[in-house]
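# Chains, contacts and geometry: an overview
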Amino acid sequence: YCQPPKPLKASVKLCTVNAVDGTDDEAVDLLDFARKIAGEREAAMQDGLGGTCIDYVRHLHKDALDKENRYKAEFQWVSRITKRKGELKCKLTTFLQELKMSSVYHALSGRIDALKQLEHASDDDAGGEISTRVVRILRESAGLALESSLVGQDPESSAAPRPASYASLPCELNPSMTRSLHKAMLGEAQLVTAHRAEVKGSSSSLVSALYSGGRRYFQEAKWAIKGNIGEFEEVNHQMVAYLTLMARLCSARSFEHSARQFAQQEQIAEAISAMRQAVAKVDKCAPLADEHRGWKDVFKEERARLTVELGRLDKENNVVYFQKQVSSPSKCAAPKQIVKEIQFSYAGE
């Protein structure tokens, strides 16, 4: 889900000598700046996760935006989230657009790196070092995505601009999309935090609330898109499906830990009700899981595990407790959203 945009070639040229109102030295400086921007971009895109890319976007923000009318620029990219299916090759013609696209590129590259590190966390993360690092990367990436959504907006205005022209641009340039990415990455960081709390033996009530907080983040990410759907010509289908899937899986985990809390208190009927809700939430993931092999594997594993837990509770009640089934279904725990973005500043402060 949600691969970073792919950078292609770029060209930055001085418009005309007549565009320079000043001395010959100023014209030389502007030509040097054009070459420097093009060179920095090439280095930055080879180092999407490193400081070179951050230096590039900060240089754009500090020195390029006020020179916009002096240059003829063309930055080529491939967007992977704009088309409903497939990719879109696009050309950006302003420094502002390049700044926003490069920012999203760096944020999503960080996200992909963080999720890859999670593949080794279960085996090598007894002390939580990998989990801590992953959460920090996701929080930093979320902060950059959020900051990029504010670029070009009037800080004195309380209402975000919603120009119709957004629909003709790649989704990475749409503030509603970057706000969605911000929430999605916080949701992923919250999930890692909830799992880590579970591994450390935190109370079932806390773990349930943390998973519920993850659900809320993914719902907010989805509605940042759905609530502003008129701003988009198309949106990647798999991205919206992922956000829906993750929200439902978070709900299932939250219900599961609520069931554990009830069981610890010997309220077995309530525990059975909560576990049935968990299974029901996972069952709602079935149509979405069919779209991706990896998702289907997760769906099958979650459903099999929860079904075993439900069967164990039913058997325990039939043999030991003999409690009557509760008449009303359990409610999901109140969300506890403890993960926040790490603020990013283009000024480097």
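For the structure given in this document, a descriptive report is provided here. (Residues numbered from 1 in each chain as written. Predicted model: local features only at pLDDT ≥ 70, side-chain atom pairs only at ≥ 80, totals over all residues. Heavy atoms only, no water.)

### Details of the overall build of the protein
The helix and strand tally for the protein stands at 11 helices and three strands. Going residue by residue from the N terminus, the α and β elements of the protein occur as β-α-α-β-β-α-α-α-α-α-α-α-α-α. A separation threshold of at least 6 residues defines the contact pool for the protein, and within that pool the share at least 24 residues apart is 78%. Counting only carbon and sulfur atoms, one obtains 50% of the accessible surface of the protein, whose full area is about 17,400 Å². (Helix = DSSP H or I, 4+ residues; strand = E, 2+ residues; numbered from the N terminus. Contact = heavy atoms within 4.5 Å. Areas by Shrake-Rupley, 256 points an atom, 1.4 Å probe, with all protein chains shown as cover.)

### Focus: helix H3 (residues 95-118)
The end-to-end C-alpha distance of H3 is 35 Å, a good match for the 34 Å that 24 residues give at a rise of 1.5 Å each. Along H3, 19 of the 24 residues are buried, which leaves the element largely enclosed by surrounding structure. (Expected span 1.5 Å × (residues − 1). Buried < 20%, exposed > 50% of the residue type's maximum accessible area, 1.4 Å probe, protein only.)

### Some details on the sheet that holds strand E3 (residues 88-92)
Across the sheet, three strands lie side by side as E1-E2-E3; this open sheet has antiparallel pairing. The open sheet terminates on both sides in strands that have one partner only, identified here as strand E1 (6-14) and E3. Adjacent strand axes in the sheet meet at a mean angle of 10° when their direction is disregarded. Sheet topology places strand E2 (residues 71-79) next to E3; five bridges connect them, and they run antiparallel. Its bridge partner being in E3, Val78 is matched across the sheet by Lys89. Against the sheet, H3 touches E1, E2 and E3, its axis set at about 30° to E2. (Pairing = 2+ DSSP bridges. Axes fitted to C-alpha atoms, helices over the stretch in contact; angles between N-to-C directions.)

### Some details on helix H5 (residues 129-150)
Taking 1.5 Å of rise per residue, the 22 residues of H5 would be expected to cover 32 Å, and the 32 Å separating its terminal C-alpha atoms lies within 8% of that figure. Gly152 lies just past H5 and shows a positive phi near 85°.

### With respect to the packing of H3 against H5
Between H3 and H5, the shortest axis-to-axis distance is 9 Å and the interhelical angle comes to 165°. By the angle between their axes, H3 is roughly antiparallel relative to H5. As H3 runs across H5, the sense of the crossing is left-handed. Residue-level contacts link Lys100, Ser103, Val104, His106, Ala107, Gly110, Arg111, Asp113, Ala114, Gln117 and Leu118 of H3 to Ile130, Arg133, Val134, Ile137, Leu138, Ser141, Leu144, Ala145, Ser148 and Ser149 of H5. Residues that form the contact of H3 with H5 fall into these classes: 10 nonpolar, seven polar and four charged. (Parallel < 35°, antiparallel > 145°, perpendicular 65-115°, else oblique. Left-handed = near helix turned anticlockwise from the far one by under 90°. Nonpolar A, V, L, I, M, F, W, Y, C, P; charged D, E, K, R; others polar.)

### Regarding the environment of Glu341
Mapped onto the elements of the fold, Glu341 is located in the segment after helix H11 (293-321). Judged by relative accessible area, Glu341 falls into the partly exposed class, the value being 22%. For the pair formed by Glu341 and Leu186, sequence separation is 155 residues and the distance between their alpha carbons is 6.9 Å. With sequence-adjacent residues up to four places away left out, Glu341 is seen in contact with Arg139, Ala142, Gly143, Leu146, His182 and Leu186. A distance of 3.0 Å separates polar atoms of two side chains, one belonging to Glu341 and the other to His182. (Polar contact = N/O pair within 3.5 Å; in protein donor to acceptor, adjacent residues only side chain to side chain.)

### Section: the pattern of salt bridges
The tally for this structure, following the rule as stated, stands at 18 salt bridges. Among the salt bridges present, the one from Asp290 reaches Lys296, with a minimum N-O distance of 3.5 Å. Of the charged contacts in the structure, one is a salt bridge between Glu302 and Arg305, with a shortest N-O distance of 3.1 Å. Of this pair, Glu302 and Arg305 are both found in helix H11, three residues apart, which corresponds to roughly one turn of the helix. On the basis of relative accessibility, which here comes to 29%, the residue Arg305 falls in the partly exposed class. (Salt bridge = Lys/Arg side-chain N within 4 Å of Asp/Glu carboxyl O.)

### Regarding unusual backbone geometry
For Glu266, which is not a glycine, the phi torsion comes out positive at approximately 60°. We classify Glu266 as partly exposed; its relative accessible area is 48%. In this model, Phe322 sits at a positive phi of 55°, which is unusual for a non-glycine residue. In this structure, Phe322 sits in the segment after H11.

### Looking at the state of the cysteines
Applying the stated criterion across every chain, the model contains zero disulfides. Free cysteine: Cys285, not disulfide-bonded; nearest cysteine sulfur from Cys250 at 9.7 Å. (Disulfide = S-S within 2.5 Å.)

### What about the packing of helix H9 (residues 268-283) against H11?
Between H9 and H11, the shortest axis-to-axis distance is 9 Å and the interhelical angle comes to 160°. Taken as axis vectors, H9 and H11 run roughly antiparallel relative to one another. Between H9 and H11 lies a crossing of left-handed hand. Residue-level inspection shows Ile268, Ala271, Ile272, Met275, Arg276, Ala278, Val279, Val282 and Asp283 of H9 in contact with H11, the latter providing Phe299, Glu302, Arg303, Leu306, Thr307, Glu309, Leu310, Leu313, Asp314, Glu316, Asn317 and Tyr321. Class assignment for the residues of the contact of H9 with H11 results in 12 nonpolar, two polar and seven charged.

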